[in-house]
Amino acid sequence: MTASLSRLRTLRDYIRWAVSRFQAEQLFFGHGTDNAWDDARQLVLGALHLPWEMSDSYLDCRLEADECEHLQNLLRRRIEERVPTAYLLEQAWFCGLPFIVDERVLIPRSPIGELIEHRFEPWLPGTPKRILDLCTGSGCIGIACAYEFLEAEVVLADISFDALEVANRNIEQHGLEERVYTVQSDGFDGLPNQRFDLIVSNPPYVDAEDFADMPDEFHHEPELGLACGNDGLDLVRRMLAEAADHLTDDGVLIVEVGNSQVHVQALYPEVDFTWLEFTRGGHGVFLLAAQQCRKHQALFRSRLAES
C-alpha cells in the first residue's frame, strides 16, 4: 500500500485510488455516506479542509508533501482499521449542520433528521416550548431542533459523561449556550418533575443478534450507544413506562428503535403506535401522543416489571 500511495500527487489521484481500495477491501458505508465514491471524496476533501461542493477543476491540484502524508495516514486507518470517515475527520453533518464527533459518541445518521427539517409536521399540535433529546450522544438531534424552534429551551440528556462532553462542545460551537444545556441522566432519572412538549430519542436499541453481526466499522462506536439487551429494548421499556410523567398535556414522544420495531410490536400488540415514514430512507421510528402514554402507562409498567 505504501508504494502505491507514494505515487499519488493530486486530489483526483487520491480520490480515485481510495474508491478502488475501498471497494476492493469491501469497506462498509453507512456513517454519512452509502458508497465508496462519496466516502472517498468526503475523506480526501475533508482532511484538507476543502468544501464538498468544490469545483472538480480543482481536483488536479498537486498536494504538498505534508498533505500527502496526512492523507496517507488517514487512508491507511480507514482501510486497515475500518475507522469510519467521520471519526477520522472528527466531524459529521446532520440536518445540514456540522457536528464534532469522536469515538465517545455515535456518528449522526438518524432518520429523525428528516422530521426535524419538516418541524415534525403534522404531528406536533403547536410550537414546543421545551424539548428533550434523550440519549443525546453528540447532541445533534436536540441542537438541530433548537435551530428549527428558535424560542424553545432544549435539554440534552445522556447517561454518558463522555458523550455530554462532546455535546457541550457542539452547543458551544453553535453558540446555543443560552437555551440548550446538558443533563447527565439514566433515562428520565436525572429529570425529576420535568415535563416537555416534545421528547425525541435515538436510544440504544440494537438487539444481541444484530450487534454480533455488525460490520467492523460499528465497533468503533460506543457499545453503550448501540446495544441494549437481548431484544434491544431494555431502555425503551423504561422510557415507555415513565414517559407520561414527563410530557405536557399535548406533548409528543418520538423514539427510534430501528430493526427492533419487530420486538416493540410483539411486546405491545395492544398499543396503536404511529410508525413514521421517510422519503430519504430509514424505518423503525414510532410516535405516541401524551394521552396514549397515559392510557397505556399501566401496561408499559407491567411489561417493564415482567422483563
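Given the structure is predicted, the values throughout are model-derived calculations rather than measurements. Every chain is numbered independently, its residues counted from 1 as its sequence is written. Per-residue local features are limited, in this predicted model, to residues with pLDDT of at least 70; the limit for side-chain atom pairs, both in listing and counting, is 80 or more; totals at the level of whole chains, interfaces and linings are taken over all residues. Note: side-chain values were computed over all heavy atoms of the structure, leaving out hydrogens and water.

### Re the packing of aromatic side chains
The geometry of two aromatic rings is summed up by the distance between their centres and the angle between their planes. Two aromatic rings, drawn from Phe, Tyr or Trp (for Trp, its six-membered ring), form a pair once their centres lie within 6.5 Å of each other, and the interplanar angle then sorts them: stacked below 30 degrees, edge-to-face above 60, tilted otherwise. According to the stated counting rule, one finds 8 aromatic pairs in the structure shown. On the numbers, 5.8 Å between centres and 45° between planes, the contact of Phe-273 with Trp-275 is tilted. A simple rule labels every residue: compare its accessible area, found with a 1.4 Å probe on the protein chains alone, to the largest value its type can have, and call it buried under 20%, exposed over 50%, or partly exposed in between. Taking the relative accessible area as the measure of exposure, Phe-273 reaches 7% and is therefore buried. Taken together through their ring pairs, the aromatic side chains of Tyr-268, Phe-273, Trp-275, Phe-286 and Phe-300 make up a single cluster. Two conditions define a charge located above a ring, namely a distance within 6 Å from the ring centre to NZ of Lys or CZ of Arg, and an angle within 35 degrees of the ring normal. The side chain of Arg-41 reaches across the aromatic face of Trp-52, ending 5.5 Å from its centre.

### Concerning the pattern of salt bridges
By definition, a salt bridge exists where a carboxyl oxygen of Asp or Glu is found within 4 Å of a side-chain nitrogen of Lys or Arg. Using the criterion set out here, one finds 19 salt bridges in the structure. A salt bridge links Arg-12 to Asp-60, with the nearest nitrogen and oxygen atoms 2.8 Å apart. Highlighted residues: Arg-12 in helix α2 (residues 11-24) and Asp-60 in the loop between α3 (36-47) and α4 (65-81), separated in sequence by 48 residues. Overall, the relative accessible area of 37% leaves Arg-12 in the partly exposed class. Its relative accessible area of 46% is what places Asp-60 among the partly exposed residues. With a closest N to O distance of 3.4 Å, Arg-77 and Glu-81 form a salt bridge. Numbered from the N terminus, helices here are DSSP runs of H or I no shorter than four residues, and strands are runs of E no shorter than two.

### Regarding the nonpolar core
Residues belong to a common nonpolar core when they are buried Ala, Val, Leu, Ile, Met, Phe, Trp, Tyr or Cys residues joined through side-chain atoms within 4.5 Å. With 36 residues, the main nonpolar core has Leu-11, Tyr-14, Trp-17, Phe-22, Leu-63, Leu-71 and Leu-75 as its most contacted residues. Put simply, the parts of the chain that give this core at least two residues each are α2, α3, α4, α5 (85-89) and α8 (161-173). The element contributing the most residues to this core is α2, with 7 residues. The domain boundaries here were taken from an automatic or database domain assignment. The residue makeup of this core includes at least three contributed by each of domain 1 (11-89) and domain 2 (99-306). Contact criterion: two residues are considered in contact whenever any of their non-hydrogen atoms come within 4.5 Å of each other. When near neighbours in sequence (up to four residues on either side) are disregarded, Leu-71 contacts Tyr-14, Leu-43, Val-44, Ala-47, Leu-48 and Leu-63.

### Points about helix α13 (residues 297-306)
Every buried residue of α13 is accounted for by Gln-297, Leu-299, Phe-300 and Arg-303. Around the axis of α13, the buried residues are gathered within 160° of arc, so they sit on the same side. Of the residues in α13, the exposed ones pointing more than 90 degrees away from the buried face are Ala-298, Ala-305 and Glu-306. On its buried side, α13 packs onto α10 (234-242), α11 (261-267), β9 (285-289) and α12 (290-295). Arc, as used here, means the arc of the directions from the helix axis to the C-beta atoms.

Purely spatial values, then, with no claim about function.
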